[in-house]
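Residue-level structure breakdown
Take a look at the letters that make up each chain.
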Amino acid sequence: MPATPLCSLPPAHRPLADALALGPALLERARSAAAPWLAASLVDGPAVVLGAAQRAGRVVDLAACAARGAPVLRRATTGTAAFLGGRGVVWTLALPHVAALAPDATARTLLNRNVRGFLRGFARAGAPAHYFGREWISLQHRPAALLGVDAAQDGAVLIEVLAGHDAPLAIPAELAAPDERAVDRWQGKAPAALAEVLPARRSLEELAGVVIEAVAVRAGLPLTDGGGAPELAVERFQPIASPDDPAPPGAGPAVAARVPIGWIEAAALGAPSPPRAWIGGDVLTARWLLEALGQGAAPAPLDAEASPLEGASLADLRALAQRALSAERNSDR
């Protein structure tokens, strides 16, 4: 039986909102075709791209971003925020199941296994690349590409890789909220723009294509042109105006806790019965898992392989949800 191909969309210039909307669209294609999909979008900043579960006001100063002319958008994958100060690239990898590219991958080794093709691509483009776990890829020993992940309960997986060509990914201090400035996201290293670590002759378009080819080679799959880009629903990827986004309307005050990746947050949701909480933050995980934990009755078995989970533990997330619910109960007394 011939190998299932890796379907690709050739690198193309896209508005940032369209590039982010590709994630859900390609995930649906991967699910329906039972085949992996990969696209590269060439985008322009300035803009801040938040992880799916990060509360905007805890990460950035929205007024400062507006004054800078840097809209704040949200991607479909969880994890930490990226700043695109000029030109950049977003790679979108959608898998029908966790082992679609790496047969030995599990939910908890998902990034470790699937980042390897990207490392090979960066190296082929002229920048030695390493991944030491969690949320970023190092090029020439400097953080230069950011990872985001989401997974559906049916096993389909979405991975996004973001990199800035003209400016590093770190949110400038003048745009960051105080809690964000308190975190050393880069382990003492200075983040790099792609222009700083790639050969001058290598264009962003060439890099995007080289990485796509390398992912296919690393997986041992034929690469095929997937045809035209899917129709996109971009409404949910428009600029954010509320500092509490994405906490639902009516949520109580957010409480936060430090974890290895940065921060996690929770807020009580009104007065449902049984009580529920919104859970968010910097953690790399599946959005369905955060929702299930917030309901206090997560599906069983919720074991070590149920979902990707990097940067915080299930115990961390459960404890913070309980703290938010307790704070809400105490305020009602």
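Report on the accompanying structure. (Residues numbered from 1 in each chain as written. Predicted model: local features only at pLDDT ≥ 70, side-chain atom pairs only at ≥ 80, totals over all residues. Heavy atoms only, no water.)

1. Quick notes on the environment of Ala76
In this structure, Ala76 sits in the loop between β4 (72-74) and β5 (82-84). Given the relative accessible area of 1%, Ala76 is considered buried. When sequence neighbours within four positions are dropped, the list of residues in contact with Ala76 reads Pro24, Ala52, Asp150, Leu158, Glu160, Arg236, Phe237 and Arg287. (Helix = DSSP H or I, 4+ residues; strand = E, 2+ residues; numbered from the N terminus. Buried < 20%, exposed > 50% of the residue type's maximum accessible area, 1.4 Å probe, protein only. Contact = heavy atoms within 4.5 Å.)

2. Comments concerning the pairing of strand β12 (residues 255-259)
Relative to strand β13 (residues 262-268), β12 runs antiparallel, the two sharing 5 bridges. In the strand pairing of β13, Ala257 is matched with Ile264. What sits between the antiparallel neighbours β12 and β13 is a turn of 2 residues. (Pairing = 2+ DSSP bridges.)

3. Brief notes about the sheet that holds strand β14 (residues 277-281)
If you trace the 3 strands from one edge of the open sheet to the other, you get β12-β13-β14, paired in antiparallel fashion. Single-partner strands in this sheet number two, and they are β12 and β14. For this sheet the average axis-to-axis angle between neighbouring strands, irrespective of direction, equals 20°. Bridge count between β13 and β14: 5 bridges; the pairing is antiparallel. When the bridges of β14 are listed, Glu265 appears paired with Gly280. (Axes fitted to C-alpha atoms, helices over the stretch in contact; angles between N-to-C directions.)

4. Focus: the nonpolar core
Of all hydrophobic cores here, the largest spans 70 residues; its most connected members are Val89, Trp91, Phe118, Phe122, Ile137, Leu139 and Leu207. Of all the elements, helix α8 (residues 204-219) adds the most residues to this core, at 9 residues. Residues Cys7, Val43, Leu158 and Leu169 belong to the second largest nonpolar core, which totals 31 residues. (Core = buried A, V, L, I, M, F, W, Y, C linked by side-chain atoms within 4.5 Å.)

5. Brief notes about unusual backbone geometry
Between Gly45 and Pro46 the backbone carries a cis peptide bond, its omega angle lying at 5°. Turning to its location among the elements, Pro46 is positioned in the loop between β2 (37-44) and β3 (47-50). The linkage connecting Asp245 with the following residue, Pro246, adopts the cis geometry, with an omega of 15°. Following the sequence through the fold, Pro246 ends up in the loop between β11 (223-225) and β12. The phi dihedral of Gln140 falls on the positive side, at around 50°, and the residue is not glycine. With respect to the helices and strands, the residue Gln140 is situated in the loop between β8 (136-139) and β9 (142-151). If you check the backbone angles, His141 has positive phi at about 70° while not being a glycine. When you line up the elements, His141 lands in the loop between β8 and β9. For His141, a relative accessible area of 55% corresponds to the exposed category.

6. Quick word on a positive patch on the surface
Together, Arg116, Arg120, Arg124 and Arg218 give the surface a local cluster of positive charge. The element best represented in the positive patch is helix α5 (residues 116-124), accounting for 3 residues. Summarising the element assignment, Arg124 is placed in helix α5. (Patch = residues over 30% accessible without salt bridge, like charges linked within 9 Å, V, L, I, M, F, W, Y side chains within 5 Å. Areas by Shrake-Rupley, 256 points an atom, 1.4 Å probe, with all protein chains shown as cover. Salt bridge = Lys/Arg side-chain N within 4 Å of Asp/Glu carboxyl O. Lys, Arg positive; Asp, Glu negative; His and termini not counted. Charge placed at Lys NZ, Arg CZ, Asp CG, Glu CD.)

7. Here's the deal with the pattern of salt bridges
By the definition in use, this model includes 16 salt bridges. Across the pair Asp150 and Arg287 runs a salt bridge, and its minimum N-O distance is 3.0 Å. Of this pair, Asp150 sits in strand β9 while Arg287 sits in helix α9 (residues 287-295), placing them 137 residues apart in sequence. Among the residues examined, Arg287 registers a relative accessible area of 29% and is labelled partly exposed. Ionic contacts of the salt-bridge type, sharing partners, join the residues Arg55, Arg58, Glu180, Arg185, Asp244, Glu265 and Asp282 into one network.

8. Quick look at the sheet that holds β11
Taken in spatial order, the 8 strands make up an open sheet running β7-β8-β9-β10-β6-β2-β1-β11, and their pairing is mixed. Every interior strand has two partners, whereas the edge strands, β7 (129-131) and β11, have only one. Strand-to-strand twist of the sheet, defined as the mean angle between neighbouring strand axes without regard to direction, takes the value 25°. Pairing of β7 with β8, which is carried by 3 bridges, proceeds in the antiparallel orientation. When the sheet's bridge partners are listed, Tyr131 is paired in β8 with Ile137.

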